[in-house]
Amino acid sequence: NYKYLETKIDGYKSYLDNLDRGYEIVVKDIPFNDYDEVAPELYRVYEQEKPDLIFVTNSRVGIIGEFFFNHSSLKKPHIIGFDFLQVNVDYLANGIVDFLICQRPDKQGYLALHYLYKYFLLKEVAIDHKSMPIDILTIENYLFYEKRFTIIVRAPQCNRAEGTGCSGSGRYAECGCCYCAGEW
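Residues numbered from 1 in each chain as written. Predicted model: local features only at pLDDT ≥ 70, side-chain atom pairs only at ≥ 80, totals over all residues. Heavy atoms only, no water.

S.K.: Got a minute to help me understand the pattern of salt bridges in this structure?
M.R.: Between side chains of opposite charge, pairing is possible as soon as their charged atoms come close. Per the stated rule, a full pass over the model turns up six salt bridges. The salt bridge partner of Lys 76 is Asp 98, with a shortest N-O separation of 2.9 Å. Highlighted residues: Lys 76 in the loop between α3 (61–70) and β2 (78–82) and Asp 98 in the loop between α4 (86–93) and β3 (99–102), separated in sequence by 22 residues. Its salt-bridge partner being Arg 104, residue Asp 135 comes within 2.7 Å of it at the nearest N-O pair. Here Asp 135, found in strand β4 (residues 135–137), pairs with Arg 104, found in the loop between β3 and α5 (105–120); they are 31 residues apart in sequence, far enough to count as distant. By relative accessible area, which is 15% here, Asp 135 ends up buried. According to the relative accessible area criterion, Arg 104 is buried, its value standing at 18%. (Salt bridge = Lys/Arg side-chain N within 4 Å of Asp/Glu carboxyl O. Helix = DSSP H or I, 4+ residues; strand = E, 2+ residues; numbered from the N terminus. Buried < 20%, exposed > 50% of the residue type's maximum accessible area, 1.4 Å probe, protein only.)

Here you go:
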């Protein structure tokens, strides 16, 4: 998993380097998961570096949000993190976290199972690479994302007539048609 995080960091650094604007990039690893452990270390790093931006490479951006919420006297840098978790969304909604990058785990999981099925059961060779879309959420658009997510998870009633490819069950979980999935 650490190699995956290094790949994210390398990609972000490469992007900023290609802009050729002379950004100073400092990578700090805070190897804790609990707020009470992270806060003192984050305060030390903040005082030492005075960052303009903090990029959290995992789903724990909520801890950084909590820190700046609790230390409102500090100049808050821009904060970017990952994952549509309730704690992260709460800090996004309150303007503490600026961006959340969501990687569509539902689609990743579906494709993973699909490729395993094709490889093991159908004996087909898997493709080498499949690009996945990401969503970038802000305070202005996160409510739309949540509604889209809710529609898919809560399986709305099917509006598609029987005989048009829909099983007629009326529920996406049973039917699976694009109409039931909310993709219309």
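There is more to say, and it comes next.
S.K.: Explain the layout of surface pockets to me, please; I cannot follow it from the model alone.
M.R.: Where empty space is left can be seen by rolling a probe of water-molecule size over the atoms. Within this model, the largest pocket holds a volume of roughly 1300 Å³. The wall of the largest pocket is formed by 39 residues, among which Val 26, Val 27, Lys 28, Ile 54 and Phe 55 lie closest to the centre. Listed by contribution, the elements that provide at least two residues to the lining of the largest pocket are α1 (2–19), α2 (35–49), β1 (53–55) and α3. For the lining of the largest pocket, the per-class residue count stands at 25 nonpolar, five polar and nine charged. (1 Å grid on protein atoms, 1.4 Å probe; cavity = no way out; pocket = protein on both sides within 12 Å on 5 of 7 lines; lining within 4 Å. Points joined across faces, edges and corners; volume = space filled by probe spheres on them. Nonpolar A, V, L, I, M, F, W, Y, C, P; charged D, E, K, R; others polar.)

S.K.: Just checking my understanding: could you explain the sheet that holds β1 for this structure?
M.R.: Two modes of strand pairing occur in sheets, parallel and antiparallel, and in both the strands are linked by backbone hydrogen bonds. On the basis of which strands lie adjacent, the open sheet formed by four strands has the order β1-β2-β3-β4 and mixed pairing. Lying at the two open borders of the sheet, with one neighbouring strand each, are β1 and β4. The sheet shows a mean angle of 15 degrees between the axes of neighbouring strands, taken without regard to direction. Here three bridges tie β1 to β2, and the two strands are oriented parallel to one another. Considered in β2, the bridge of Ile 54 is made with Ile 79. This element, α4, spans β2, β3 and β4 of the sheet and lies at about 145 degrees to β3. (Pairing = 2+ DSSP bridges. Axes fitted to C-alpha atoms, helices over the stretch in contact; angles between N-to-C directions. Contact = heavy atoms within 4.5 Å.)

S.K.: What exactly am I supposed to notice about the side chain of Thr 57 here?
M.R.: Inspection of the secondary structure assignment puts Thr 57 in the loop between β1 and α3. On the accessibility criterion, Thr 57 (12% relative accessible area) is buried. In contact with Thr 57, not counting residues within four places along its chain, are Leu 5, Lys 8, Ile 9 and Phe 82.

S.K.: Would you take a moment to explain the packing of α3 against α4 for this structure?
M.R.: To describe two helices that pack against each other, one gives the angle between their axes and the distance between the axes. One way to put it is that α3 packs onto α4 with a least axis distance of 8 Å and a crossing angle of 40 degrees. As far as their axial angle goes, α4 and α3 are oblique. Crossing of α3 against α4: the hand is left-handed. Here Val 61, Gly 62, Gly 65, Glu 66 and Phe 69 of α3 lie close against α4, whose contacting residues are Val 87, Asn 88 and Tyr 91. For the contact of α3 with α4, the class distribution of residues is four nonpolar, three polar and one charged. (Parallel < 35°, antiparallel > 145°, perpendicular 65-115°, else oblique. Left-handed = near helix turned anticlockwise from the far one by under 90°.)

S.K.: Just checking my understanding: could you explain the pairing of β3 for this structure?
M.R.: Direction of pairing for β2 relative to β3: parallel, over a ladder of three bridges. For Gly 81, the partnering residue across the bridge sits in β3 and is Leu 100. Relative to β4, β3 runs antiparallel, the two sharing three bridges. Counterpart to Leu 100 in the pairing with β4 is Leu 137.

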